[in-house]
Amino acid sequence: MSGTPRQILGDRLRDALKAAGFDPVRGDVSASADMRFGDYQSNAAMVLAKEKKSNPRQIAADILSRLDVRGISAAPEVAGAGFLNFRLESEFLDSALGALAADPRLGVATAKIPQKILLDFSSPNVAKPMHVGHIRSTILGDCLARIARFLGHEVITDNHIGDWGTQFGKVIYGWKHFLDREALARDAIAELVRLYREVNRMEETDEVVRRVAREELVKLQAGDAENLAIWKETVELSWREFEKLYGLLDIRFDERLGESAYNDALAPLCEELQRRGIARESEGALCIFYPGIPALAEKPAIIRKSDGGFLYATTDLATIEYRLKHWRPDAIWYVVGAPQALHFQQIFAACRMMGIEANLVHIAFGSILGEDRKIMKTRSGENVGLAEVLHEAVDRARKMIAARQEGLTPEALESIAETIGIGAVKYAELSQNRHTDYVFSWEKLLALDGNTAPYLQNAYVRIRSIFRRGEVGADPGAAIRISVPAERLLAIKLLQYAETVPVVLEDFRPNILANFLYELANTYHSFYEACPVLKAEPEVRASRLLLSELTARILSHGLSLLGIRCPEKM
Ligand code: ARG
């Protein structure tokens, strides 16, 4: 018997529905929210009764008379308005847990239909610091890539950096007139931002600066060698700074094809769209209109301005064309904030007009708020930089660990502080519903109790310390013997890891996995309070050690899918 309890019970239920002449599609089984009534339940009888306008309890009885779940669950009960409740049998749990212990994938099956997915995430803008808005894209995107790969999909990650645009006229003007080489070497992005701001300020009162900066941009766009060289240097210097953060975050990209990679494709693309009647001119600009889509009826996408300039949408359309030709992905996922929802609606609608069939998905997310519930800003009113957030996280974690653990070598302390600090920031993101705005609070995200990374990491460390204290390992071949209720609850939770991971990708919600891990840690905690491990009789002890070991494995594996490591001490 293979599969998760949900699958196995679901298959049996579907067989029974078929035998009773009902549509098997209705045979869904889910984990019970309240385990007092059963471990799993199905509302199939109620759904069918509604459809057929008949009595749900009668239908439930019909289904039950044909349902064979011997060896898996005790005879199911009908409860309330017609729920079917299942209670897993101990022998089933014993053998399912044994199989789980022997499975390097911890029960998680690979996808039936593996997909090729192009994943566009992080995508910061050159010559500007990455701000906390990019943090959400970066952390979410990396986590989705890890989970999709683990489920057997082929994932190509592409960092679509904003390395082209009108800001370069100003940056180049500033570079030529008042670049501070030393400052550039110290902190390249800060110096580039200073140049940009300075020129912006001068332009307000100085007509000449405005004109010359504009000319620098035109020269760059026309391929002037000097300006191209300056531009290239700003891109490389910015990238180096970004890479430091990616290194700290343990995130890598397969591709880094920024906006500039598509420059040459923009003019021909516009001509082609015009020729095919997908775009047409309106007041000098080339636009795509969407008369058939009510939400976009009044919102054409401009792809070429009347002065001949191209826009963000033009680049994105050229990017999609390239990606399809180059990689032939089944899907392209964009992890980008909710404010860009209209932009993606427009370009996806244009793609359908162009006959593009790949599944295009905008994975949107809300904002990060400061403790005053406003968009997070520094004291001087600027967006908070990602670099500052990560360094502060590591600093705070270092203090916390130094106070708990004496005698660590400086290297060990540093490595644990990074694991805890970065893990806490990632988890604060991933444990939230991505659509909601969340409040960034240092106290909360580093707390050792509550739904935080340090709490889960500590749960892992404590299980490891049981093994150290007992100077034992878990015997993977030991027989699992479930007898008391706390063991049962833990056993069922462990089996549900396999049911949880794939659900994350249904609607791109890592918080489902985060919350599962939190519940698992709590369930283990109750088990440990109720059930002696090291002091138990030898057979019980071997079984409980194996349950403990499985919990530690799932905690650390689940956290790794979130991009978070586990320390061995903390
Ligand atoms: N650079 C953009 C920004 O910072 C995000 C780009 C997202 N990806 C895309 N293909 N449009 O807002």
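The structure this text deals with has already been given above.
Residues numbered from 1 in each chain as written. Predicted model: local features only at pLDDT ≥ 70, side-chain atom pairs only at ≥ 80, totals over all residues. Heavy atoms only, no water.

Draft legend 1. Examining the overall build of the chain more closely. When helices and strands are tallied, the chain shows 21 helices and 13 strands. Counting only C-alpha atoms and orienting by the principal axes, one finds that the chain spans roughly 85 × 65 × 40 Å. For the chain, with 570 residues in total, the buried portion stands at 51%. Long-range pairs, those at least 24 residues apart, make up 72% of the contacts in the chain between residues at least 6 apart in sequence. When the accessible surface of the chain is totalled, it reaches about 26600 Å², and 50% of it is carbon and sulfur. Separation of charge centres in the chain, based on 71 positive and 77 negative side chains, amounts to 3 Å. (Helix = DSSP H or I, 4+ residues; strand = E, 2+ residues; numbered from the N terminus. Buried < 20%, exposed > 50% of the residue type's maximum accessible area, 1.4 Å probe, protein only. Contact = heavy atoms within 4.5 Å. Areas by Shrake-Rupley, 256 points an atom, 1.4 Å probe, with all protein chains shown as cover. Lys, Arg positive; Asp, Glu negative; His and termini not counted. Charge placed at Lys NZ, Arg CZ, Asp CG, Glu CD.)

Draft legend 2. Up close: the packing of helix H2 (residues 44-52) against helix H3 (residues 56-66). Contact pair H2 / H3: the axes reach a minimum separation of 8 Å and the direction vectors enclose 125 degrees. Of the possible angle classes, the one that applies to H2 and H3 is oblique. Crossing handedness for the pair H2 and H3: right-handed. Taken together, the residues of H3 that come into contact with H2 (itself represented by Ala45, Met46, Leu48 and Ala49) are Pro56, Ile59, Ala60 and Ile63. Along the lines of polarity and charge, the residues of the contact of H2 with H3 split into eight nonpolar, no polar and no charged. (Axes fitted to C-alpha atoms, helices over the stretch in contact; angles between N-to-C directions. Parallel < 35°, antiparallel > 145°, perpendicular 65-115°, else oblique. Left-handed = near helix turned anticlockwise from the far one by under 90°. Nonpolar A, V, L, I, M, F, W, Y, C, P; charged D, E, K, R; others polar.)

Draft legend 3. Here's a closer look at the nonpolar core. Residues Ile63, Trp333 and Leu562 are the most contacted members of the largest nonpolar core, which totals 152 residues. Grouped together as the second largest cluster of nonpolar side chains are 34 residues, Leu273, Leu296, Ala349 and Ala358 included. (Core = buried A, V, L, I, M, F, W, Y, C linked by side-chain atoms within 4.5 Å.)

Draft legend 4. Focus on the sheet that holds strand S2 (residues 40-42). The strand order across the open sheet formed by four strands is S1-S2-S4-S3, and the pairing between neighbours is antiparallel. Strands at the two margins of the open sheet, each flanked by one partner only, are strand S1 (30-31) and strand S3 (77-79). Each of S1, S2 and strand S4 (83-86) touches helix H1 (residues 5-19); the most contacted strand, S2, lies at about 35 degrees to it. Contacts between H3 and the sheet are confined to S3 and S4, with S3 contributing the most and set at about 165 degrees to the helix. (Pairing = 2+ DSSP bridges.)

Draft legend 5. Spotlight on the packing of aromatic side chains. Under the defined criterion, the tally for this structure stands at 16 aromatic pairs. Ring plane angle 90 degrees and centroid distance 5.0 Å describe the contact between Phe440 and Trp442, whose orientation is recorded as edge-to-face. Note on Trp442: relative accessible area 12%, which makes it buried. Ring pairs connect the aromatic residues Phe121, Trp239, Phe242, Tyr246 and Phe253, which therefore count as one cluster. Over the aromatic face of Phe289 sits the side chain of Arg280, whose NZ or CZ is 4.1 Å from the ring centroid. (Phe/Tyr/Trp six-rings, centres within 6.5 Å; stacked < 30°, edge-to-face > 60°. Lys NZ or Arg CZ within 6 Å of the ring centre and 35° of its normal.)

Draft legend 6. Local environment of the site of the ligand. All residues adjacent to the ligand are Asp120, Ser123, Asn125, His134, His160, Tyr312, Asp316, Tyr334, Val336, Gln340 and Phe344. The contact in question runs from a nitrogen atom of the ligand to an N or O atom on the side chain of Asp120, over 2.8 Å. At a separation of 3.0 Å, an oxygen atom of the ligand approaches a polar side-chain atom of Gln340. Residue classes in the shell around the ligand are distributed as four nonpolar, five polar and two charged. (Near = heavy atom within 4 Å. Polar contact = N/O pair within 3.5 Å; in protein donor to acceptor, adjacent residues only side chain to side chain.)

Draft legend 7. A look at the state of the cysteines. Enumeration over the complete set of coordinates arrives at zero disulfides. Cysteine Cys270 shares no disulfide, and the gap to the nearest cysteine sulfur, in Cys287, comes to 10 Å. Cysteine Cys566 remains unbridged, with the sulfur of Cys143 as its closest cysteine sulfur at 15 Å. (Disulfide = S-S within 2.5 Å.)

Draft legend 8. Main features of the pairing of strand S10 (residues 331-335). Burial within S10 is extensive, with five of its five residues counted as buried. Here S10 shows two buried faces, one formed by Ala331, Trp333 and Val335 and the other by Ile332 and Tyr334. Pairing analysis gives four bridges linking strand S5 (residues 116-120) to S10, with the strands arranged parallel. Paired with Asp120 across the bridge in S10 is Tyr334. Examined bridge by bridge, S10 and strand S11 (residues 359-363) share five bridges and lie parallel to one another. Bridge pairing in S11 places Val335 opposite Ile363. In the classification by handedness, the crossover that spans S10, the intervening helix H13 (residues 341-353) and the parallel S11 is right-handed. (Right-handed = clockwise from strand over helix to strand, strands pointing away.)

Draft legend 9. Focus on the pairing of S4. Alignment of S2 against S4, held across three bridges, turns out to be antiparallel. Looking across to S4, one finds that Tyr40 is bridged to Phe86. Two elements, S3 and S4, share three bridges in a ladder whose sense is antiparallel. Within the sheet, the bridge partner assigned to Ala79 lies in S4 and is Phe83.

Draft legend 10. Main features of the sheet that holds S11. The strand order across the open sheet built from four strands is S6-S5-S10-S11, with neighbouring strands paired in parallel fashion. Of all strands in the sheet, those with a lone pairing partner are strand S6 (154-158) and S11, marking the two edges. In this sheet, adjacent strand axes meet at a mean angle of 20 degrees when their direction is disregarded. Against the sheet, helix H12 (residues 312-327) touches S5, S6, S10 and S11, its axis set at about 140 degrees to S10.

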